[in-house]
There are 2 protein chains.
Amino acid sequence: MRGYLRDTVDEETGVGTLRPWEALVVDAVGNLIEFWNFKRNQGRVWALLYLRGRALTAAQIQSTLGLSKGAVSMLVRELEQWCVVVRVRSPHDDAWRFAAETELMKMIGRVISERERGLVQSVREDLERAERIAKDDDDVPREVLDRLRRMRTLAVFVEKALKVFVDTARFDAIGVLDVLRDKTPRN
Amino acid sequence: MRGYLRDTVDEETGVGTLRPWEALVVDAVGNLIEFWNFKRNQGRVWALLYLRGRALTAAQIQSTLGLSKGAVSMLVRELEQWCVVVRVRSPHDDAWRFAAETELMKMIGRVISERERGLVQSVREDLERAERIAKDDDDVPREVLDRLRRMRTLAVFVEKALKVFVDTARFDAIGVLDVLRDKTPRN
DNA sequence: GTTGCGGTTCAATCTGTCTTGAACTACATA
DNA sequence: TATGTAGTTCAAGACAGATTGAACCGCAAC
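First things first, this report covers the structure right here in the doc.

Conventions and cut-offs
Residues numbered from 1 in each chain as written. Chains lettered and ligands numbered in written order. Predicted model: local features only at pLDDT ≥ 70, side-chain atom pairs only at ≥ 80, totals over all residues. Heavy atoms only, no water. Helix = DSSP H or I, 4+ residues; strand = E, 2+ residues; numbered from the N terminus. Contact = heavy atoms within 4.5 Å. Areas by Shrake-Rupley, 256 points an atom, 1.4 Å probe, with all protein chains shown as cover. Pairing = 2+ DSSP bridges. Near = heavy atom within 4 Å. Polar contact = N/O pair within 3.5 Å; in protein donor to acceptor, adjacent residues only side chain to side chain. Nonpolar A, V, L, I, M, F, W, Y, C, P; charged D, E, K, R; others polar. Expected span 1.5 Å × (residues − 1). Buried < 20%, exposed > 50% of the residue type's maximum accessible area, 1.4 Å probe, protein only. Axes fitted to C-alpha atoms, helices over the stretch in contact; angles between N-to-C directions. Buried area = accessible area lost by both parts, 1.4 Å probe. Salt bridge = Lys/Arg side-chain N within 4 Å of Asp/Glu carboxyl O.

## Focus on the overall build of chain A
Along its length, chain A carries 6 helices and 3 strands. What you see in chain A, going N to C, is helices and strands ordered as α-α-β-α-α-β-β-α-α. Considering only intrachain contacts with a sequence separation of at least 6, the fraction spanning at least 24 residues in chain A is 57%. On chain A, roughly 9800 Å² of surface is accessible, and the fraction owed to carbon and sulfur atoms is 56%.

See the structure below:
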């Protein structure tokens, strides 16, 4: 909720500024991403970079979003690890610049495949282990085993669904998703 | 992480107990649900009730999972609000008992439709608003408007996808999901 | 070497959330 | 009315995680 009201002059290489509509986007993404268990400010940084469409320096990000030096350093590093932001440095530039990954679907696909799937998978494994132990236990009623099986089935189901999604996103198989790619501003 | 090591005698109406394999399930669900932005203990309570397959009293839940009186009261109330647990009281019983909703898909469908969709929807709305404002602004470059449009398209897309999922879950349209319903322990 | 700048690190701090436990309500029963 | 049990509430405390800010490193220019 920091840089919400900022909307001052934008002199290149100077103090960053955020227009109201930009703030709207940046915070919308921040909220969404926060629910998805990332840091709100990670979402805000990515959204800013994506909106601007060019690489910004850490200092620009810092002043535009009203973050601290340390915070920006951490946030961009984390975003880099998710391959959601890349760090670039042109020859005669004396500062790193950060740019947003623009292929939305691939980006989401990657995150899901690396994070969500791991989680679902480990839950599925725990359920399977529990099921095995319970089966060896004589006094576990049939219906309980049934419920265990149902939970496991669900986990497997979700795991498969995520895989389908990830693959779809990766190959951009469906034409519909095309609108989401850069370089194809049809309409 | 409380009742992890407990595994003592289970004398009806007495102090609750949790077998190792039960703890495994309860915690797996707890972890999953925590990532889904619910409280870990909400997941644990639901999992316990689902596993046991019968209605338990607050006191039983409390001692089995090692929670406080107040916590159980809050947790079950919240779970009730999500229609994930129901509160029942038989004629001559002097305590409420809590039972888990057993239709996994419908349960998840309901949660998604009430929570996730609302979130995605409000993000979509913010993006639309930003887009409108930006369009009225002369010096917003074409590509920026394009990126805004792409984000909005994605939000719309996700919103639709969730709707499909929710409807599918609600009507149990696909036969595959049948395995997940109660009363149909095929295989 | 030293000054300046970009960037990182990390202990301390802050923040927001969950949990606790004691006080309280409601409603039995004696 | 007094006593007991089930359940709720909520202020206080505990906790986890995010954020800060100052010290620090590396490097280039002087």
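## Observations regarding the pairing of strand 3 (residues 97-100) of chain B
All names here are of chain B. Alignment of strand 1 (residues 56-57) against strand 3, held across 2 bridges, turns out to be antiparallel. From the neighbouring strand, Leu 56 faces strand 3, where its bridge partner is Phe 98. Strand direction decides the pairing type here: strand 2 (residues 85-88) and strand 3, joined by 4 bridges, are antiparallel. Looking at strand 3, one finds that Val 86 is bridged to Ala 99.

## Focus on the protein's contact with DNA strand D
Close to DNA strand D lie 15 residues, the nearest being A:Asn41, A:Ser68, B:Lys69, B:Ser73 and B:Trp96. In the environment of DNA strand D, a base nitrogen lies 2.5 Å from a nitrogen or oxygen atom belonging to the side chain of B:Lys69. With respect to DNA strand D, the side chain of B:Ser73 contributes an N or O atom lying 2.8 Å from a phosphate oxygen. Broken down by secondary-structure element, the contributors of at least two residues to the surface near DNA strand D are helix 4 (69-81) of chain A together with helix 4 (69-81) of chain B. Here the surface near DNA strand D gets 4 residues from one element, more than from any other, and that element is helix 4 of chain B. Grouping the amino acids of the surface near DNA strand D by side-chain chemistry returns 4 nonpolar, 5 polar and 6 charged.

## A closer look at helix 2 (residues 40-52) of chain A
Residue and element names in this part refer to chain A. Taking 1.5 Å of rise per residue, the 13 residues of helix 2 would be expected to cover 18 Å, and the 19 Å separating its terminal C-alpha atoms lies within 8% of that figure. Burial of helix 2 is extensive: 12 of the 13 residues sit out of reach of the surface. Among all positions of helix 2, only Arg 40, Gln 42, Gly 43, Arg 44, Val 45, Trp 46, Ala 47, Leu 48, Leu 49, Tyr 50, Leu 51 and Arg 52 are buried. Remark: Gly 53 follows helix 2 within two positions and exhibits a positive phi of approximately 70 degrees.

## Notes on the protein's contact with DNA strand C
Residues in contact with DNA strand C amount to 15 residues; listed here are only the nearest, A:Lys69, A:Ser73, A:Trp96, B:Asn41 and B:Ser68. When atoms of DNA strand C within 4 Å of the protein are sorted by moiety, sugar and phosphate together comprise 64%. Within the side chain of B:Asn41, an N or O atom sits 2.5 Å from a phosphate oxygen of DNA strand C. B:Ser68 places a polar side-chain atom, nitrogen or oxygen, 3.0 Å from a phosphate oxygen of DNA strand C. At the level of elements, helix 4 of chain A together with helix 4 of chain B are the ones that each hand at least two residues to the surface near DNA strand C.

## A few points about the sheet that holds strand 3 of chain B
Residues and elements named next belong to chain B. Taken in spatial order, the 3 strands of this open sheet run 1-3-2, and their pairing is antiparallel. Each of the sheet's edge strands pairs with one partner strand only, and the pair in question is strand 1 and strand 2. Contacting strand 1, strand 2 and strand 3, helix 2 (residues 40-52) crosses the sheet at an angle of about 85 degrees to strand 3. Relative to strand 2, helix 4 is tilted by about 110 degrees, and along the sheet it contacts strand 2 and strand 3.

## Notes on the interface of chain A and chain B
Contacts between the two partners involve 49 residues from chain A and, on the opposite side, 49 residues from chain B. Carbon and sulfur atoms supply 71% of the area buried between chain A and chain B, which totals about 4700 Å² over both sides. On the chain A side of the interface with chain B, the three residues burying the most area are A:Trp21, A:Phe35 and A:Arg150, jointly 15% of the side's total. Taken together, chain A and chain B are joined by 4 salt bridges. The closest approach of N and O atoms between A:Asp137 and B:Arg19, which form a salt bridge, is 3.3 Å. When contributions to the side of chain A that touches chain B are tallied by element, the ones reaching two or more residues are helix 1 (20-35), helix 2, helix 5 (104-136) and helix 6 (142-171) of chain A. Per-element accounting of the side of chain A that touches chain B gives the leading share, 12 residues, to helix 5 of chain A.

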